[in-house]
Amino acid sequence: MKLLSQFLCPTVMLLTSFVPFSPVWGDSGTQAARPSVKTVRPEIHSKTKTEQVRELITPAAITHEIGVGYVARLKIPHEADSKSRSTCILLEDGQPLPHPHALHKLIRETGKGHYSHWTPTTLYFSASDSSDPRTNGHKYELVCPETYTEQSAQFVLTDADSLISFPDISGKRVQPVKLVWENRDPQQSIQLNWKRQGAPDLSSQQAMLTSILKPGMTDEEKSLAIWKFLVDWRYHFYPAEPGDEVHDPVKFLNVYGYGFCDDCASNFAVLARKAGVRSRIWGLSGHVVAEAFYDGKWHMFDPDHEVFYRNDQGVIASVEELAQHPELITKTPLDPIGSPSQAIARLYTTTADNRPSERKPAIRDSNLAPTLEPGDRLEFDYTTAQDVHRRNMPDEGLPPVAGNGTLKRSITKLESLKQPHPHQRDWHFTWPYVLLKGALELKLAPGQSAPTISVSSNGTSWTPLETTLNAEKLTASLDAWIKQQPTAVYGFYLRCENTNGDDPAASVAQLNSEFLFQFAPRALAHMQNTNNHFEMKLSPQLPVNSQGLAVQLEWKVVE
């Protein structure tokens with residue numbers, strides 16, 4: 001059921017964009033303050049920098065246009081030829097191609113390294129030998145000089161409910177870089193909930209629905225709100241893995257932020273059912289859509305193609321009604337994401353292989369609110385992700401919008417860990433974001449022998465880890481074990497075991513760990529042009545003398 005979606009939906013990656021939400025305003029036109037909320041207005045530090053920004057153009061980002069001309073989708077926008085004159089240089093195997101700012105006719109017909117950086121995110125080009133750049137084995141990079149203002153803010157939060165407020169940044173491109181949280185309290189664990197003021201709370205299914213639904217809504221109004229919510233908060237790209245991993249709305253939006261049509265439809269059905277609306281999905285042998293049942297009828301909602309269709313009576317049509325009346329689809333030549341309506345209509349009218357399903361995904365009602373233990377340092381990197389979780393179509397390149405984060409955690413008292421036997425200590429680690437890599441360092445007490453280290457997904461079946469001992473430091477990697485797991489990893493059991501019968505808590509002075517994980521940048525609020533007002537809830541309430549949560553934001557402002 002993915003074939004036609006793969007054909008139709010690359011357009012989505014060019015056209016789909018995140019729609020920022022507006023701040024909450026009071027009757028007087030000023031921003032409305034919530035009671036018992038501490039307002040923080042951090043000082044902003046600025047520094048002007050100039051650097052060469054390099055973007056590798058992968059074969060997955062290139063499509064054939066006309067003749068010997070090709071088009072590349074760019075992730076990093078820069079001033080381009082269509083409105084000014086691009087200062088970017090296209091390299092082939094490290095050497096500049098000879099003909100920049102070329103007419104598109106020359107690119108298509110002559111080739112030989114003619115190219116034009118035409119729009120901020122579109123490059124028209126030809127290879128030096130006019131071959132296919134997707135298969136010729138050459139490496140292509142766009143190198144652009146960029147002068148920007150690097151801005152940052154650092155502050156400490158100790159209140160349970162805070163509003164962090166920054167001014168708008170008008171008329172410039174804002175690029176989030178980094179968000180860092182560090183728990184400085186030596187004893188208190190802190191659960192965090194961070195969001196933009198006025199934006200939906202994405203931490204749980206119920207929080208999502210509470211944010212986007214209003215009391216007294218009809219089932220149609222609920223269905224429309226859920227459809228619009230999914231249109232705004234995800235984009236179309238190859239899902240991380242088959243199955244129900246991305247059919248959990250919390251993971252779909254916070255961990256990944258992308259998926260195929262069936263993933264959008266399944267998430268619609270999950271949220272609709274949570275809201276009390278009966279829902280199902282339809283496989284159309286090339287596309288998947290959702291339906292909601294209300295007013296005694298089914299009604300089709302397609303968040304992936306950002307569309308639904310009303311009949312002549314103004315009622316949202318069902319899949320079966322669209323199969324009988326394809327003119328409801330074809331009365332406009334293209335759907336909202338640019339797919340030909342005639343092709344879409346054929347999906348509905350070829351009914352022999354179309355099937356509905358009310359199957360409920362095998363997911364938990366998960367919650368995304370990271371908990372930081374004392375001393376934890378959590379960093380989110382909003383620049384291009386270098387690693388992502390993929391068990392599905394691994395050769396399709398990296399998703400265009402994804403982020404990597406790191407968590408550093410230390411355990412200074414192993415006696416706090418579970419002790420199944422006198423010579424064993426077990427650590428159960430869980431995390432709300434999908435784990436990609438993990439590194440462990442055990443500092444041994446002087447004169448103590450090194451324990452063995454094992455890892456388990458369930459606490460019963462254990463895999464020994466290869467360790468390296470160097471100057472009373474024992475190191476081990478979780479990378480290979482994580483990659484060997486059949487599905488996404490959100491935690492594990494770690495066992496330290498002394499073969500001499502001694503308690504590992506006596507032989508290990510400290511256990512340090514560092515984890516790489518994936519997150520969806522759109523779901524984690526950062527600086528943008530408007531509405532830079534962020535809500536942070538800390539739970540439980542920190543002690544009066546707490547050193548609190550240290551927060552750091554970094555971003556670029558480009559003219």
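*Asks:* Can you help me understand the packing of aromatic side chains in this one?
*Replies:* What characterises a pair of aromatic rings is the spacing of the ring centres plus the angle enclosed by the ring planes. Counted by the stated rule, this structure contains 29 aromatic pairs. Here Tyr256 and Tyr258 contribute two aromatic rings whose centre-to-centre distance is 6.1 Å and whose plane-to-plane angle is 75 degrees, an arrangement assigned as edge-to-face. Ring plane angle 80 degrees and centroid distance 5.0 Å describe the contact between Phe380 and Phe519, whose orientation is recorded as edge-to-face. With Phe380 in strand β20 (residues 377–381) and Phe519 in strand β29 (residues 508–519), this residue pair connects regions lying 139 residues apart in the sequence. Phe519 carries the same exposure label as Phe380, and that label is buried.

*Asks:* I tried to follow helix α6 (residues 249–256) on my own but got confused; where do I start?
*Replies:* Residues spaced three or four apart along an α-helix point in a common direction, a consequence of the helix completing one turn every 3.6 residues. Most of α6 is tucked away, with eight of its eight residues classed as buried. Looking at α6, one finds that the buried residues are Pro249, Val250, Lys251, Phe252, Leu253, Asn254, Val255 and Tyr256. At its buried positions, α6 is contacted by α4 (205–212), α5 (219–233), β14 (258–259), α7 (261–274) and β29. Structurally, the start of α6 carries an N-cap: the backbone nitrogen of Val250 is 2.9 Å from a side-chain oxygen of Asp248. Following α6 by one or two positions, Gly257 adopts a phi angle in the positive range, close to 85 degrees.

*Asks:* What am I meant to see in the pattern of salt bridges here?
*Replies:* If charged atoms from side chains of opposite charge come close, those side chains can pair. Across all of its chains, the model carries 23 salt bridges by this definition. Of the charged contacts in the structure, one is a salt bridge between Glu245 and Lys251, with a shortest N-O distance of 3.6 Å. If you follow the salt bridges from partner to partner, you end up with Lys178, Arg377 and Glu379 in one network.

*Asks:* Sorry, what's going on with the side chain of Glu146 here?
*Replies:* Here Glu146 is to be found in strand β9 (residues 140–157). Polar side-chain contacts of Glu146 include one of 2.9 Å to the side chain of Arg173. Those residues within four positions of Glu146 in sequence are excluded, and the remaining contacts are Lys49, Thr50, Glu51, Val53, His78, Arg173, Lys556 and Val558.

*Asks:* What should I look at first to understand unusual backbone geometry in this one?
*Replies:* A negative phi holds for most residues other than glycine; trans holds for most peptide bonds. Omega for the peptide link from Ser539 to Pro540 comes to -5 degrees, which places this bond in the cis form. Among the secondary structure elements, Pro540 is positioned in the loop between β30 (533–539) and β31 (549–558). For Lys112, which is not glycine, the phi dihedral falls at a positive 55 degrees. Tracing the sequence through the fold places Lys112 in the loop between α3 (104–109) and β7 (115–119). For Glu472, which is not a glycine, the phi torsion comes out positive at approximately 60 degrees. By the secondary structure assignment, Glu472 is in the loop between β26 (467–470) and β27 (473–477).

*Asks:* Sorry, what's going on with the pairing of strand β12 (residues 190–196) here?
*Replies:* Successive side chains on a regular strand alternate, one facing one side of the sheet and the next facing the other. Of all seven residues making up β12, six are buried, and the element is well covered by its neighbours. Bridge analysis of β12 against strand β19 (residues 371–372) gives two bridges, and the strand direction is antiparallel. Bridge pairing links Gln191 to Thr371 in β19. Across six bridges, the pairing between β12 and β30 is antiparallel. Looking across to β30, one finds that Lys195 is bridged to Glu535.

*Asks:* Can you help me understand the environment of Gln510 in this one?
*Replies:* Counting through the fold element by element, Gln510 comes out in strand β29. On the accessibility criterion, Gln510 (22% relative accessible area) is partly exposed. Once the C-alpha coordinates of Gln510 and Ile66 are considered, the two residues, 444 residues apart in sequence, prove to be 62 Å apart. Gln510 has contacts with Ser410, Ile411, Thr412, Glu441, Leu442 and Lys443, leaving out every residue within four places of it along the chain.

*Asks:* It is not clear to me how the state of the cysteines should be interpreted in this structure. Could you clarify?
*Replies:* This model, assessed by the stated rule, comprises one disulfide. Between the sulfur of Cys88 and that of Cys144 lies a disulfide, 2.0 Å long from S to S. An S-S torsion of about 115 degrees defines the bridge between Cys88 and Cys144 as right-handed. On the criterion of sequence distance, the pair formed by Cys88 in the loop between β4 (70–73) and β5 (89–92) and Cys144 in strand β9 is long-range, its members being 56 residues apart. Accessibility classification places Cys88 together with Cys144 in one group, the buried group.

Scoring rules and cut-offs
- Residues numbered from 1 in each chain as written.
- Predicted model: local features only at pLDDT ≥ 70, side-chain atom pairs only at ≥ 80, totals over all residues.
- Heavy atoms only, no water.
- Phe/Tyr/Trp six-rings, centres within 6.5 Å; stacked < 30°, edge-to-face > 60°.
- Helix = DSSP H or I, 4+ residues; strand = E, 2+ residues; numbered from the N terminus.
- Buried < 20%, exposed > 50% of the residue type's maximum accessible area, 1.4 Å probe, protein only.
- Contact = heavy atoms within 4.5 Å.
- Polar contact = N/O pair within 3.5 Å; in protein donor to acceptor, adjacent residues only side chain to side chain.
- Salt bridge = Lys/Arg side-chain N within 4 Å of Asp/Glu carboxyl O.
- Pairing = 2+ DSSP bridges.
- Disulfide = S-S within 2.5 Å.

What is shown is where atoms sit, not what they do.
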